[in-house]
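Breakdown of the fold
Listed below, chain by chain, are the residues.
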Amino acid sequence: MTKKKSIEDFVLPSVAVIINASPNAKVSTINTYTRLLRKLYNKIEETLPEPNYYNKSSPIPNAIYKPDDIISLLNKTEWGQTLKDVSRKNYISLILTMLRGLKENDNKINKLYDDYRTYFDILKGGLDAEQIKQKPSDKELDLKGLSIESLRKSLSFHSNKVRQKESNDISSAMYNMMGHLHLDEALRNEACDMVLSSAYIPVIDDPNVNFIWVKGRNMKLMVIRNNKVRNPARGDEPKEVWIKGSLNTAINKYIQVLKNSGEIENEKEMTVPLIHSKGFKLLKHITSSHYSQLFKNIWAHIDLELTTTMIRKVYAMSVRDKYKGNLIKEKEACEKLDHSKDTHDKHYILNFD
């Protein structure tokens, strides 16, 4: 009798197939694919008949070769709730990547790919149509009427707590700094593993590091080498921005509080993680998802649970409202947000009417 493979017997070989298809994929992307694979394979094992699940000679479950079964599974409610179209699209995109990675140039694989691609295009077409309407989600309804300036003013809740020079309130100083950082620079979650450094970190030392170079009290440079759209392995140029104004002030206060708390001994010889957690003590790094949870605390005092993506949308809409769609300002906004004009219009400008 053939011994049944476990979930993990498929996960690692399937990840290898994906890497074969996307050799330049980032570690974070591979980690996302791995999580999706585990969810999908667990659901296949729970829901589909056993012969559909395992295949002794294949690096992927036999069920993947049966698109009707997989599509039917994605459309069912066994997931605890009906999957959203965007989630279905993500799973199909994952399968398409695996099929490319098999590199089996035969009619069977080509036909299989085409079947999945047809369903993918249907899902994508529907999602694109909804995005063109620019209709906000239920969570995004809170963004109506928000502006970058109104959110900046509300950060006084945190800054007032660290006004005293001897303050050691790391959490308030950090939330104040995080808020100003995202309002000024409209980042994604790059700050989760960003470093605060008194020296410029050469590429030869770490080509992937994102950091803020504290050259002086009024001279700070943010360097983004590795994010969703920048990959040093591809030779992508880093994004470098000199920090000014209220963000510079917030970082200075944060450094002072870290010194008061004993987290920094000498700011002239400093290389520390930007973000603190777990009781607001120094950690080497935190994950992007952990950062997202921390981020939701910044504007909780005004009953807003915002994400970094929401701030990016507020920024995009603030620019459009202020400059009435001026093409030069729109282009500048897209450059700051590190995305295309198409992405800008489809995903970031919401219509609340």
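It should be noted that the structure appears before, not after, this text.
One structure accompanies this document, and this report is about it.

**Quick notes on the pattern of salt bridges**
What the rule picks out here adds up to 15 salt bridges. Linking R230 and D338 is a salt bridge whose minimum nitrogen-to-oxygen distance equals 3.0 Å. Note that R230 is positioned in the loop between β3 (219-224) and β4 (239-243) and D338 in the loop between α13 (327-337) and α14 (341-348), a separation of 108 residues in sequence. Across the pair K329 and E332 runs a salt bridge, and its minimum N-O distance is 3.7 Å. Here E332 and K329 lie together in helix α13, a separation of 3 residues that amounts to about one turn. Take K329: its relative accessible area is 28%, and that puts it in the partly exposed class.

**Here's the deal with the packing of helix α12 (residues 308-323) against α14**
Across the interface, α12 lies against α14 with an axial gap of 10 Å and an inter-helix angle of 105 degrees. Here α14 runs roughly perpendicular to α12, going by the angle between their axes. Taking contact as the criterion, the partners of T309, R312, K313, A316, M317 and R320 in α12 are, on α14, K341, H344, D345, H347 and Y348. Class assignment of the residues belonging to the contact of α12 with α14 gives a composition of 3 nonpolar, 3 polar and 5 charged.

**Here we look at empty space enclosed by the protein**
Counted by the stated rule, this structure contains 1 cavity of 30 Å³ or more. If you add up the space inside the largest cavity, you get close to 50 Å³. Lining the largest cavity we find E185, A186, L187, R188, E190, I224, N227, K239, R312, K336, L337 and D338. Its residues placed into classes, the lining of the largest cavity shows 4 nonpolar, 1 polar and 7 charged.

The rules we used
- Residues numbered from 1 in each chain as written.
- Predicted model: local features only at pLDDT ≥ 70, side-chain atom pairs only at ≥ 80, totals over all residues.
- Heavy atoms only, no water.
- Salt bridge = Lys/Arg side-chain N within 4 Å of Asp/Glu carboxyl O.
- Helix = DSSP H or I, 4+ residues; strand = E, 2+ residues; numbered from the N terminus.
- Buried < 20%, exposed > 50% of the residue type's maximum accessible area, 1.4 Å probe, protein only.
- Axes fitted to C-alpha atoms, helices over the stretch in contact; angles between N-to-C directions.
- Parallel < 35°, antiparallel > 145°, perpendicular 65-115°, else oblique.
- Contact = heavy atoms within 4.5 Å.
- Nonpolar A, V, L, I, M, F, W, Y, C, P; charged D, E, K, R; others polar.
- 1 Å grid on protein atoms, 1.4 Å probe; cavity = no way out; pocket = protein on both sides within 12 Å on 5 of 7 lines; lining within 4 Å.
- Points joined across faces, edges and corners; volume = space filled by probe spheres on them.

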